[in-house]
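Structural features, examined
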Amino acid sequence: MAFSDPSGARGRDSYHHGNLREVLIEAALRLIAEHGPGGFSFAEVARAVGVSPAAPYRHFRDRGALLAEVARRGFDRFAAELERAWNRGRPDPATAIENCGRAYLAFARRDPASYAAMFESGLPFDADPVLRDAAESAFGVLRRAAEAACGSLPQQRRPPALMVALHIWALSHGVASLFVGHGEAGRRKLPMAPEDLLEAG
């Protein structure tokens with residue numbers, strides 16, 4: 001990851017080339033990975049990239065706006081990965097919905113900083129329509145998957161699709177939060193793979 005240079009030279013160079021917005025987002029991801037989404041100030045983000053405390057305000061109104069952009073981008077990638085895993089219900093809806101669960105865990109494992117910004121930062125989704133839409137887009141993949149899976153069952157055995165989607169989301173999120181999405185020291189030990197636990201659920 002960038003910004004290993006404590007002098008902040010890379011941050012200053014990027015700033016002078018007009019890339020400060022992207023540099024700030026990368027720095028925020030690194031700080032989230034190290035300290036969690038609530039463990040650093042806006043001034044610390046500026047210091048991490050070697051710019052003045054006032055410089056980030058040219059791109060973000062405050063620290064919350066920076067976190068919201070990190071989370072929004074995370075949800076966009078998350079939705080795309082869930083969509084690929086769903087693959088229009090192929091080879092069959094039940095298998096495809098299991099693939100969505102695995103993709104959920106894979107995202108949390110591969111990008112824990114974005115995952116933390118998305119789910120642990122306490123951002124007010126209702127006050128940020130862009131962020132809310134990004135989050136709903138990701139959930140929408142699971143909802144469509146649940147609708148297809150439920151629709152393949154006989155009418156008398158068909159549960160409400162929204163309830164199924166919420167169960168899948170809650171179970172995937174719970175397994176990811178407990179066993180995948182934290183640093184190595186904070187992970188619980190399991191006698192099975194998180195993916196196996198999710199599939200059993």
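Okay, so let's go over this structure. (Residues numbered from 1 in each chain as written. Predicted model: local features only at pLDDT ≥ 70, side-chain atom pairs only at ≥ 80, totals over all residues. Heavy atoms only, no water.)

1. What about the overall build of the protein chain?
- Counting its regular elements, the protein chain contains nine helices and zero strands.
- Secondary structure elements of the protein chain, listed N to C terminal, follow the sequence α-α-α-α-α-α-α-α-α.
- Split into buried and exposed, the 201 residues of the protein chain put 43% on the buried side.
- The contacts in the protein chain between residues at least 6 apart in sequence include a share of 64% that link residues at least 24 apart. (Helix = DSSP H or I, 4+ residues; strand = E, 2+ residues; numbered from the N terminus. Buried < 20%, exposed > 50% of the residue type's maximum accessible area, 1.4 Å probe, protein only. Contact = heavy atoms within 4.5 Å.)

2. Comments concerning the nonpolar core
- One finds I32, L66, F75, F78 and L82 to be the most contacted residues of the largest nonpolar core, which totals 63 residues.
- Within the residue set of this core, elements represented by two or more residues are helix 2 (20–35), helix 3 (42–49), helix 4 (63–86), helix 5 (93–110), helix 6 (112–119), helix 7 (129–151) and helix 8 (161–179).
- When residues of this core are assigned to their parent elements, the largest contribution, 12 residues, is made by helix 4.
- Excluding anything up to four places from it in sequence, I32 contacts P37, F40, L67, V70, A113, A116 and A117. (Core = buried A, V, L, I, M, F, W, Y, C linked by side-chain atoms within 4.5 Å.)

3. Overview of the packing of helix 4 against helix 7
- In the contact formed by helix 4 and helix 7, the axes pass within 8 Å of each other and the chain directions differ by 20°. Taken as axis vectors, helix 4 and helix 7 run roughly parallel relative to one another. Judged by the sense of rotation from one axis to the other, the crossing of helix 4 with helix 7 is left-handed. Contacts between helix 4 and helix 7 involve A68, A71, R72, F75, D76, F78, A79, L82, E83 and W86 from the former and V130, L131, A134, A135, S137, A138, V141, L142, R144, A145 and A148 from the latter.
- Tallied by class, residues from the contact of helix 4 with helix 7 come to 16 nonpolar, one polar and four charged. (Axes fitted to C-alpha atoms, helices over the stretch in contact; angles between N-to-C directions. Parallel < 35°, antiparallel > 145°, perpendicular 65-115°, else oblique. Left-handed = near helix turned anticlockwise from the far one by under 90°. Nonpolar A, V, L, I, M, F, W, Y, C, P; charged D, E, K, R; others polar.)

4. Quick look at the packing of aromatic side chains
- If you walk through the whole model with that rule in mind, you get 13 aromatic pairs.
- A centroid spacing of 5.9 Å and a plane angle of 85° characterise the contact between F75 and F125, whose relative ring orientation is edge-to-face. Taken together, the positions of F75 in helix 4 and F125 in the loop between helix 6 and helix 7 put the pair 50 residues apart, joining distant regions of the chain.
- Look at F125 and you get partly exposed, because its relative accessible area is 22%.
- The aromatic ring of F40 is capped on one face by R63, whose charged end is 4.8 Å from the ring centroid. (Phe/Tyr/Trp six-rings, centres within 6.5 Å; stacked < 30°, edge-to-face > 60°. Lys NZ or Arg CZ within 6 Å of the ring centre and 35° of its normal.)

5. Description of the pattern of salt bridges
- With the rule as written, the count across this model stands at 12 salt bridges.
- Through salt bridges that share partners, R21, E22, E69, R72, R73 and D76 make up one connected network. (Salt bridge = Lys/Arg side-chain N within 4 Å of Asp/Glu carboxyl O.)

6. Focus on helix 2
- For helix 2, which comprises 16 residues, the first-to-last C-alpha distance of 22 Å matches the rise-based estimate of 22 Å (1.5 Å per residue) to within 8%.
- Looking one or two residues beyond helix 2, the residue adopting positive phi is G36, at roughly 85°. (Expected span 1.5 Å × (residues − 1).)

7. So, helix 4
- When the terminal C-alpha atoms of helix 4 are compared, their 34 Å separation across 24 residues agrees well with the 34 Å that a helix rising 1.5 Å per residue should span.
- The N-cap of helix 4, judged by a side-chain oxygen 3.1 Å from the amide nitrogen of G64 a few residues on, is D62.
- Where helix 4 terminates, the next one or two residues include N87, which has phi positive at roughly 50°. (Polar contact = N/O pair within 3.5 Å; in protein donor to acceptor, adjacent residues only side chain to side chain.)

8. Concerning the environment of S137
- Looking at the element boundaries, S137 is found in helix 7.
- S137 gets classed as partly exposed once you look at its relative accessible area, which sits at 39%.

Such coordinate-based values are descriptive only and should not be taken to indicate function.
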